[in-house]
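Next come the chains, spelled out residue by residue.
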Amino acid sequence: MTNLLEKGLIIGYGILTLLIFFSLISPFLEAISKFNNNEKNDIENYISFINEMDQAILHVIDNPEEDFLKSIEYPSNLNITLYNQYAKYDFIIRDEPQYIIIFYNESFIYNVFHDILPKTYLLNVSFVLHLIKVQLIDYY
């Protein structure tokens, strides 16, 4: 009978120890989970923005007489350089710089968007003198 009692006490103590351990470690697990979700959201924000810019530029290339205007959410820590026939997007994921370079059939008016605040801008893409002009107009 005492052998059964000892086993019951050891199992109870083990369960109590596990509960205390998990209650201490749960805030760290939650922080790790939030960090991973934020990282996925950042990548999705960058890809979404780059896709919207690409669609706008392709629309203007296909329809040179039309201007493209759209409200767009600019993500944080994104730098854009438009030169010759290239659009270069730089951003940082996990402390490593990432680059996406897209080639187009038409040339750009040289433009650099670095250190821009993350907020909503009006994207204006137009064709001027056989060059693509891209502007991010600040809302007031």
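For the structure, see preceding data.
Caption draft 1: The pairing of strand E6 (residues 120-128), seen in detail. Here six bridges tie strand E1 (residues 68-73) to E6, and the two strands are oriented antiparallel to one another. Looking across to E6, one finds that glutamate 73 is bridged to threonine 120. Inspection of the sheet shows E6 paired to strand E7 (residues 131-138) by eight bridges, in the antiparallel sense. When the bridges of E7 are listed, leucine 122 appears paired with isoleucine 137. The antiparallel hairpin formed by E6 and E7 contains two residues in its connecting segment, where leucine 129 sits at a positive phi of about 50°.

Caption draft 2: A look at the pattern of salt bridges. For the structure shown, the criterion picks out two salt bridges. The closest approach of N and O atoms between lysine 70 and glutamate 52, which form a salt bridge, is 3.6 Å. In this pair, lysine 70 sits in strand E1 while glutamate 52 sits in helix H1 (residues 2-62), placing the two residues 18 residues apart along the sequence. The class of lysine 70 is partly exposed, set by a relative accessible area of 34%.

Caption draft 3: Quick peek at the nonpolar core. Judged by nonpolar contacts, the single largest core of 29 residues is most densely connected at Tyr74, Ile80, Tyr89, Leu123, Val125 and Val134. Within the residue set of this core, elements represented by two or more residues are H1, E1, strand E2 (78-83), strand E3 (86-93), E6 and E7. The contacts of tyrosine 74, once residues within four sequence positions are left out, are Phe49, Asn79, Ile80, Phe113, Ile116, Leu117, Pro118, Lys119, Tyr121 and Leu136.

Caption draft 4: Examining the environment of alanine 31 more closely. Along the chain, the position of alanine 31 falls in helix H1. Owing to a relative accessible area of 45%, alanine 31 belongs among the partly exposed residues under this scheme. Between the alpha carbons of alanine 31 and isoleucine 93 there is a distance of 18 Å; along the sequence they are 62 residues apart.

Caption draft 5: Quick look at the side chain of threonine 81. With respect to the helices, strands and loops of the structure, threonine 81 is situated in strand E2. The buried category is assigned to threonine 81, whose relative accessible area is 12%. Here the side chain of threonine 81 touches histidine 114 through a polar contact of 3.2 Å, side chain to side chain. When neighbours within four sequence positions are excluded, threonine 81 is seen to be in contact with Tyr86, Ala87, Lys88, Tyr110, Asn111, Val112 and His114.

Caption draft 6: Inspection of the packing of aromatic side chains at higher detail. Enumeration according to the criterion identifies seven aromatic pairs in this entry. Arranged with centres 4.4 Å apart and planes meeting at 25°, the rings of tyrosine 46 and phenylalanine 91 form a pair that is stacked. Here tyrosine 46 is found in helix H1, whereas its partner phenylalanine 91 is found in strand E3, with 45 residues between them in sequence. The pair formed by tyrosine 46 and phenylalanine 91 is uniform in burial state, with each residue classed as buried.

Procedures and definitions
All residue numbers refer to positions counted from 1 along the written sequence of the respective chain. Side-chain atom pairs in this predicted model are given and counted only at pLDDT of 80 or more, local residue features only at pLDDT of at least 70, and totals for whole chains, interfaces and linings cover all residues. By convention in this description, side-chain values take in all heavy atoms of the structure and omit both hydrogens and water. At least two DSSP bridges between two strands are required for those strands to pair. Each helix is a run of H or I in the DSSP string that is no shorter than four residues. Each strand is a run of E no shorter than two, and both are numbered from the N terminus. Within this document, salt bridges are pairs made up of a side-chain nitrogen of Lys or Arg and a carboxyl oxygen of Asp or Glu, the two lying within 4 Å of each other. Any residue under 20% of the maximum accessible area for its type is buried, any over 50% is exposed, and the rest in between are partly exposed; the area is computed with a 1.4 Å probe on protein chains only. Only buried residues count toward a nonpolar core, which is a set of Ala, Val, Leu, Ile, Met, Phe, Trp, Tyr and Cys residues joined through side-chain atoms within 4.5 Å. Throughout, a contact is declared for two residues whenever any of their heavy atoms are within 4.5 Å. Pairs of N or O atoms within 3.5 Å make up the polar contacts considered here, provided that, within protein, one atom can donate a hydrogen while the other can accept it, and that residues adjacent in sequence are counted only when both atoms are side-chain atoms. Pairing of aromatic rings covers Phe, Tyr and Trp, the last counted by its six-membered ring, and requires centre-to-centre distances within 6.5 Å; plane angles under 30 degrees mean stacked, over 60 mean edge-to-face, and any other angle means tilted.

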